[in-house]
Amino acid sequence: MRLFLVRHAKAAPGEPDDLRALTDSGRRAARDLGERLKPEHPLTVLSSPLLRARETAEAIARAVGVVPETDERLAPGASAAALRAVVEDRADPVVVVGHQPDCSDIVFSFTGRVEQFAPGELHVIEL
């Protein structure tokens, strides 16, 4: 399975944390990610339930023509095992939008690579 692991785009500061929305630049970055992923033809877009991740996933999904889904297992603290369970039996390729440091930890668990994720950045993992 080809997995595009994305850290949500830039979010505004604020409280409560789970309701922090994307900034204007974050919304543009999320749209750009969608355009960048369009040629890859992702069939599934999944995200953390936090607003900033949902907004990022919605922009990507809109660009690639699918309906995004949220999953509680992708909330902050998500592990490689949780991600594997979430994508199991999903249409390939899959885009997953999550958080830091989870994204870096997941890449390391699957590949042994140490990767940093800036807001709105993605890395490809072959599962």
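Residues numbered from 1 in each chain as written. Predicted model: local features only at pLDDT ≥ 70, side-chain atom pairs only at ≥ 80, totals over all residues. Heavy atoms only, no water.

1. Some thoughts on the packing of helix 1 (residues 24-37) against helix 2 (residues 51-64)
Piece 1. It is at 8 Å that the axes of helix 1 and helix 2 come closest, and there the two elements cross at 35°. In this structure, helix 1 meets helix 2 at a crossing whose hand is right-handed. Each of Arg27, Ala30, Arg31, Leu33, Gly34, Glu35 and Leu37 in helix 1 lies in contact with helix 2, whose residues at this interface are Glu55, Thr56, Ala59, Ile60, Ala63 and Val64.
Piece 2. Among the residues making up the contact of helix 1 with helix 2, the classes are represented as seven nonpolar, two polar and four charged. (Axes fitted to C-alpha atoms, helices over the stretch in contact; angles between N-to-C directions. Helix = DSSP H or I, 4+ residues; strand = E, 2+ residues; numbered from the N terminus. Left-handed = near helix turned anticlockwise from the far one by under 90°. Contact = heavy atoms within 4.5 Å. Nonpolar A, V, L, I, M, F, W, Y, C, P; charged D, E, K, R; others polar.)

2. Some words on the pairing of strand 2 (residues 44-47)
Piece 1. Neither face of strand 2 is left uncovered, since the one carrying Thr44 and Leu46 and the one carrying Val45 and Ser47 both have all their residues buried.
Piece 2. Note: strand 2 against strand 4 (residues 94-98), four bridges, orientation parallel. Along strand 4, the bridge assignment pairs Val45 with Val95.
Piece 3. As paired strands, strand 2 and strand 3 (residues 69-70) are joined by two bridges and run parallel to one another. Across the sheet, the residue bridging to Ser47 is Thr70, located in strand 3.
Piece 4. Each parallel crossover has a hand, and the one from strand 2 via helix 2 to strand 3 is right-handed. (Buried < 20%, exposed > 50% of the residue type's maximum accessible area, 1.4 Å probe, protein only. Pairing = 2+ DSSP bridges. Right-handed = clockwise from strand over helix to strand, strands pointing away.)

3. So, the packing of helix 3 (residues 80-87) against helix 4 (residues 102-111)
Piece 1. Relative to each other, helix 3 and helix 4 sit at 85°, their axes nearing to 9 Å. Comparing their axes, helix 4 and helix 3 come out roughly perpendicular. Judged by residue contacts, Ala80, Leu83 and Arg84 of helix 3 engage Ile106, Ser109 and Phe110 from helix 4.
Piece 2. The residue makeup of the contact of helix 3 with helix 4, split by class, is four nonpolar, one polar and one charged. (Parallel < 35°, antiparallel > 145°, perpendicular 65-115°, else oblique.)

4. Quick word on the sheet that holds strand 2
Piece 1. As summarised here, the arrangement of the five strands in space is 3-2-4-1-5, forming an open sheet in which the pairing is mixed. In the strand order of this sheet, the two ends are held by strand 3 and strand 5 (122-126), each with one partner.

5. Side note on the side chain of Arg7
Piece 1. Secondary-structure assignment places Arg7 in strand 1 (residues 2-7).
Piece 2. Glu121 provides the closest opposite charge to the buried, salt-bridge-free Arg7, at an N-O distance of 7.2 Å.
Piece 3. Sequence-distant contacts of Arg7, that is, excluding residues within four places in its chain, are made with Gly98, Gln100, Cys103, Phe117, Ala118, Pro119, Gly120 and Glu121. (Lys, Arg positive; Asp, Glu negative; His and termini not counted. Salt bridge = Lys/Arg side-chain N within 4 Å of Asp/Glu carboxyl O.)

6. Quick notes on the environment of Arg31
Piece 1. Mapped onto the fold, Arg31 is located in helix 1.
Piece 2. With relative accessibility at 44%, the residue Arg31 sits in the partly exposed group.

7. Comments concerning helix 1
Counting along an α-helix, one turn takes 3.6 residues, and residues three or four places apart therefore face a common direction.
Piece 1. In this model, helix 1 (14 residues) spans 20 Å end to end at C-alpha, consistent with the 20 Å of a helix rising 1.5 Å per residue.
Piece 2. Where the residues of helix 1 are buried, they touch strand 1, helix 2, strand 4 and strand 5. (Expected span 1.5 Å × (residues − 1).)

8. A few points about the pattern of salt bridges
Piece 1. Counted according to the given criterion, the structure contains nine salt bridges.
Piece 2. With its nearest N and O atoms 2.9 Å apart, the salt bridge here joins Glu126 to Arg2. With Glu126 in strand 5 and Arg2 in strand 1, this pair connects stretches of sequence that are 124 residues apart.
Piece 3. A salt bridge links Lys38 to Glu35; its shortest N-O distance comes to 3.3 Å.

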